[in-house]
Number of protein chains: 2
Amino acid sequence: MARTTIQDVARAAGVSPSSVSNLLNGRTERMVPATRERIERAIEELGYRPNRAARQLRSGHTQTIGLVVPSVGNPFWGAFAREVEVAAQAKGCNVLLCNSEREPDRERRYVEELWEDGIRGIILCTSLPSLEHVAGSIKDGLRLVTFDRPAQPDDPSSVVSISIDNGIGGRLATSHLIELGHERIAFVSASIRSVNRSARYRGYCEAIEQAGMSVASMPSWTGVTAAEFGDVEAADVGRAAAHALFDGSGPAPTAAVAINDITALGFARGLRDMGLKVGEDVSVIGFDDIILADLYDPPLTTVRQPIADMARLAVGEAIERAAAEDEQAGRSVLLRPEVVVRESTQPPRNEGPKQRANVTAREAIGK
Amino acid sequence: MARTTIQDVARAAGVSPSSVSNLLNGRTERMVPATRERIERAIEELGYRPNRAARQLRSGHTQTIGLVVPSVGNPFWGAFAREVEVAAQAKGCNVLLCNSEREPDRERRYVEELWEDGIRGIILCTSLPSLEHVAGSIKDGLRLVTFDRPAQPDDPSSVVSISIDNGIGGRLATSHLIELGHERIAFVSASIRSVNRSARYRGYCEAIEQAGMSVASMPSWTGVTAAEFGDVEAADVGRAAAHALFDGSGPAPTAAVAINDITALGFARGLRDMGLKVGEDVSVIGFDDIILADLYDPPLTTVRQPIADMARLAVGEAIERAAAEDEQAGRSVLLRPEVVVRESTQPPRNEGPKQRANVTAREAIGK
DNA sequence: GGAATCTGGTGTAACGATGCACCAGATCTT
DNA sequence: AAGATCTGGTGCATCGTTACACCAGATTCC
């Protein structure tokens, strides 16, 4: 069980440990091919694997990236975490998983701990408007990649942000409903305090006004404005919204934009509670395209985030930053989301439908 | 930014680095309280945090556990991964995340790599009948915890297995349907090759025979017996099964036990394709109780796995093994699953229902 | 009263890889 | 021909922690 070390390799190849180290670290400019081959053969034959701990101790950094998500229990974050791991693996890195439960204090603790452990890069999934809770580590030199949160004016300049363009997302979702002929469209969300939720709402407003309608005249509902919420609560919020919007106290909507798929699903359930049919009676569009969206009955129209691309970008930034330092700091990358049309959105009931949306999920995805 | 080391602490407390190390590692038997307090105060004041890399290099083991799941993109594994991280955090450990995609070769590569990196313990989520692909590492001394896979006769004796009792699960699910009055119950699954899938099937058979019925007379379907499958395919399998079972070519079932929730959801969709209503026309019960089960329309009755308890157990084994060595090796822990009754299971249509299942999800869960 | 034992620590050699400073020998300049 | 430069490497101190071996001084034993 004695580990084969760099010394063993050196001995077997008839060179010094330094040369082996040089090869391992790509300092091969001034190494004659014959030597190189001897070393490579020795590594192969002895089945040598570098010791990470020693490497890290000496060099000061890991081959590990930290991933801080609200909770991998949430299907969206689970799917994202998977893509991150795939992308990291492709670059020879491992992923350390952390669940913040959306608590700023946990985010801070995780980030500090990872940073002190010499983690190579950190992908922080947060939608907090301010990054001041992790400002300390950033000031000390940490290069942070935030996800699901576009850059803010007050962000430290070294932070790279990756997100979809939520404004466009909100606009696409709303326009889709408008094109189907809807004129009373509700926006369903709990607190809009987070930066991406408010951006989606802004997109919703823009689309409505661009269509010559007024946001003020839309059916709205202000039941829950609670601060933050988890997955289960997100569904409850949607359900409560449906109950409130269709209690007969005001003009009911014919369609709704939900802040995410879980809320959309809760809303759909609320509709069912009220004896209404999703799609036929009331159209619903969500955000994220989690796996359940396609499995739901009826399959849910939603705004898809290109998570694989985003994960690749985030991992790239997290790993390469250390090397490239400063070069292009403070970048903010906004990707374009796309609407995936399924069956939960249809033309409104007793109004002249401009077109019939009978695209099935699979066709829309282009599989 | 210069790291505060154990030396700094020693200097501040007026002791030797050895003493600080002794305190840090719990060797306090022969340390006078006054000294101890001085050291603790120094640690506090300097904000000292031990360097993991150095620690690991010297001691040979990490504060990290490896988690190998098929894919965190799958809601069940995502939820489990979250519980594992919570449990590990409570014990001062981090979690390194790996997605095997159910490929034996990836499982092997990950396990070998983690083990060579001195990872403290590994939780391998696999349902492969044999562990020979990781036998090498186990022979070298790795203590492995497998999850979702009960112990097998050929397993190396040092392996600890944690799983639900799938036989009981299969029996509970089937009995639930029988008690509702169903007499034609299908079992829906792709390949039964994996150990837990076949155990569930066995439970299904036992329940049926115990009720005085015969498995041979049950509607069955042998469309897909493909080897392994992923999440999307799992849904497709369910959907295809529904199409096949209700194509009029044989006696159709009035209820079905699906191998997991995703397959159940696919089956539900297939029923809808055929113009049938889940719950009212055909009852469906799944396995796992993923979050989507409760959000589905109608909410899905399912067999819940106690993932939080299982995660805690698995983490405990993975961490404590190193210390306890051999003591209780080869354990196999089987937890008891429970049926969560929701709305997808109802008494059969035109038959005398023995009782009406009008328990709602929330009541059944006991929230 | 001298040896044995106990108490509360300390000294120090690793753990394995890294990368700067350095160095022989060969080749090039002028 | 002798210094300068280049080529292809090597020597060695070092990262921060650990844990075994060891050691003074105090106490106990016969």
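Check the entry above for the structure.
Residues numbered from 1 in each chain as written. Chains lettered and ligands numbered in written order. Predicted model: local features only at pLDDT ≥ 70, side-chain atom pairs only at ≥ 80, totals over all residues. Heavy atoms only, no water.

## Overview of the protein's contact with DNA strand C
Condition: By convention in this text, a residue qualifies as near a molecule or strand provided that one of its non-hydrogen atoms is within 4 Å of it. Polar contacts, as counted here, are pairs of nitrogen or oxygen atoms within 3.5 Å of one another; within protein the pair requires one atom able to donate a hydrogen and one able to accept it, and residues that are adjacent in sequence qualify only if both atoms are side-chain atoms. Helix and strand definitions follow DSSP, with helices as H or I runs of at least four residues and strands as E runs of at least two, each counted in order from the N terminus.
Neighbouring residues of DNA strand C: 23 residues in total, closest Ile6, Tyr48, Arg55 and Arg58 of chain A together with Ser19 of chain B. Restricting attention to atoms of DNA strand C within 4 Å of the protein, one finds that 58% of them are sugar or phosphate atoms. One nitrogen or oxygen atom from the side chain of Ser21 of chain A is found 3.5 Å from a phosphate oxygen belonging to DNA strand C. For DNA strand C, a phosphate oxygen lies 3.3 Å from a polar atom in the backbone of Asn51 of chain A. If you list the elements that add at least two residues to the surface near DNA strand C, you get helix H2 (17–24) and helix H4 (52–59) of chain A together with helix H2 (17–24) and helix H4 (52–59) of chain B.

## Some remarks on helix H6 (residues 104–116) of chain B
Residue and element names in this part refer to chain B. How we decide: Given a helix with a known number of residues, its expected span is that number minus one, times 1.5 Å. A simple rule labels every residue: compare its accessible area, found with a 1.4 Å probe on the protein chains alone, to the largest value its type can have, and call it buried under 20%, exposed over 50%, or partly exposed in between. Each direction from the helix axis to a C-beta atom contributes to the arc, which is the arc of those directions.
For H6, spanning 13 residues, the distance from its first C-alpha to its last is 18 Å, which sits close to the expected 18 Å at 1.5 Å a residue. All of the buried residues in H6 are Arg106, Glu107, Tyr110, Val111, Glu113 and Leu114. The buried residues of H6 all sit within an arc of 165° when viewed along its axis, so they share a single face.

## Concerning the sheet that holds strand E7 (residues 255–258) of chain B
Sheet strands associate in pairs through backbone hydrogen bonding, adopting either a parallel or an antiparallel arrangement. Residue and element names in this part refer to chain B. Threshold: When DSSP finds at least two bridges between two strands, those strands are taken to pair. Axis definition: a line fitted to C-alpha atoms, over the contacting stretch in the case of helices. Angles run 0 to 180 degrees between N-to-C directions. Pairs of residues are marked as contacts when any of their non-hydrogen atoms sit within 4.5 Å.
Taken in spatial order, the 5 strands line up as E6-E7-E8-E9-E11 in an open sheet, and their pairing is mixed. In this open sheet, the two edge strands, each paired with only one partner strand, are strand E6 (185–188) and strand E11 (338–340). This sheet shows a mean twist of 20° between the axes of neighbouring strands, independent of strand direction. In this sheet, E7 lies alongside E6 in parallel orientation, the contact comprising 4 bridges. Looking at E7, one finds that Phe187 is bridged to Val257. Sheet strands in contact with helix H11 (residues 261–273) are E6, E7, strand E8 (283–288) and strand E9 (301–304), and its direction is about 160° off that of E8.

## Points about the pairing of strand E3 (residues 121–125) of chain A
All names here are of chain A. When you tally the buried positions in E3, you get 5 out of 5 residues, the bulk of the element. Burial along E3 is two-sided: the residues Gly121, Ile123 and Cys125 and Ile122 and Leu124 are all buried. Across 4 bridges, strand E1 (residues 64–69) lies against E3 in parallel orientation. Pairing of Ile65 across the sheet is with Gly121, part of E3.

## Let's talk about unusual backbone geometry
Residues and elements named next belong to chain A. Going from Asp297 to Pro298, the amide bond is cis rather than trans, its omega being 0°. Along the chain, the position of Pro298 falls in the loop between helix H12 (291–295) and strand E9 (301–304). One non-glycine residue with positive phi stands out, namely Glu101, at about 55°. Mapped onto the elements, Glu101 comes out in the loop between strand E2 (94–99) and helix H6 (104–116). We note that Arg102 has phi near 60°; this positive angle belongs to a residue other than glycine. Relative to the helices and strands, Arg102 is located in the loop between E2 and H6. Residue Arg102 is classed as partly exposed on the basis of its relative accessible area of 25%.

## Some thoughts on the interface of chain A and chain B
Filter applied, for reference: Two parts placed together each lose some accessible area under a 1.4 Å probe, and the buried area is that loss summed for both. For salt bridges, the criterion is a side-chain nitrogen of Lys or Arg within 4 Å of an Asp or Glu carboxyl oxygen. Under the scheme applied, nonpolar residues are Ala, Val, Leu, Ile, Met, Phe, Trp, Tyr, Cys and Pro; charged residues are Asp, Glu, Lys and Arg; polar residues are all the others, including Gly.
Opposite the 52 residues of chain A that make contact, chain B presents 51 residues. Counting each side, the surface lost to burial between chain A and chain B is near 4900 Å², with a carbon and sulfur contribution of 52%. Summed over the shared surface of chain A and chain B, the number is 14 salt bridges. In this structure, Arg82 of chain B engages Glu101 of chain A in a salt bridge whose closest nitrogen and oxygen atoms are separated by 2.9 Å. The tally of links between chain A and chain B comes to 26 residue pairs in polar contact (both at pLDDT 80 or more). Going through the elements one at a time, H4, helix H5 (75–90), E2, H6, helix H10 (231–245), helix H11 (261–273), H12 and helix H14 (361–365) of chain A are the ones with two or more residues in the side of chain A that touches chain B. Among the elements that line the side of chain A that touches chain B, the one with the most residues is H5 of chain A, at 7 residues. Of the residues assigned to the side of chain A that touches chain B, the class counts are 24 nonpolar, 9 polar and 19 charged. Pairing between E2 of chain A and strand E2 (residues 94–99) of chain B: 3 bridges, direction antiparallel. Note that in E2 of chain B the partner of Val95 of chain A across the bridge is Leu97 of chain B.

## Looking at the environment of Pro104 of chain B
By the element assignment, Pro104 of chain B lies in helix H6. Beyond its immediate chain neighbours, meaning those up to four positions away, Pro104 of chain B contacts Leu128 and His133 of chain B.

## Comments concerning the pairing of E9 of chain A
Residue and element names in this part refer to chain A. The two faces of E9 match: Thr301 and Val303 on one face and Thr302 and Arg304 on the other face are all buried. The sheet contact formed by E9 and strand E11 (residues 338–340) spans 3 bridges and is antiparallel. Residue pairing in the sheet places Val303 in a bridge with Val339 of E11.

## Structural notes on the protein's contact with DNA strand D
Among the 24 residues in the neighbourhood of DNA strand D, the closest are listed as Ser19 of chain A together with Ile6, Tyr48, Arg55 and Arg58 of chain B. Val32 of chain A is positioned with one of its backbone polar atoms (N or O) 2.7 Å from a phosphate oxygen of DNA strand D. Those elements that place two or more of their residues in the surface near DNA strand D are H2 and H4 of chain A together with helix H1 (6–13), H2 and H4 of chain B. Across the surface near DNA strand D, the residue classes tally to 8 nonpolar, 11 polar and 5 charged.

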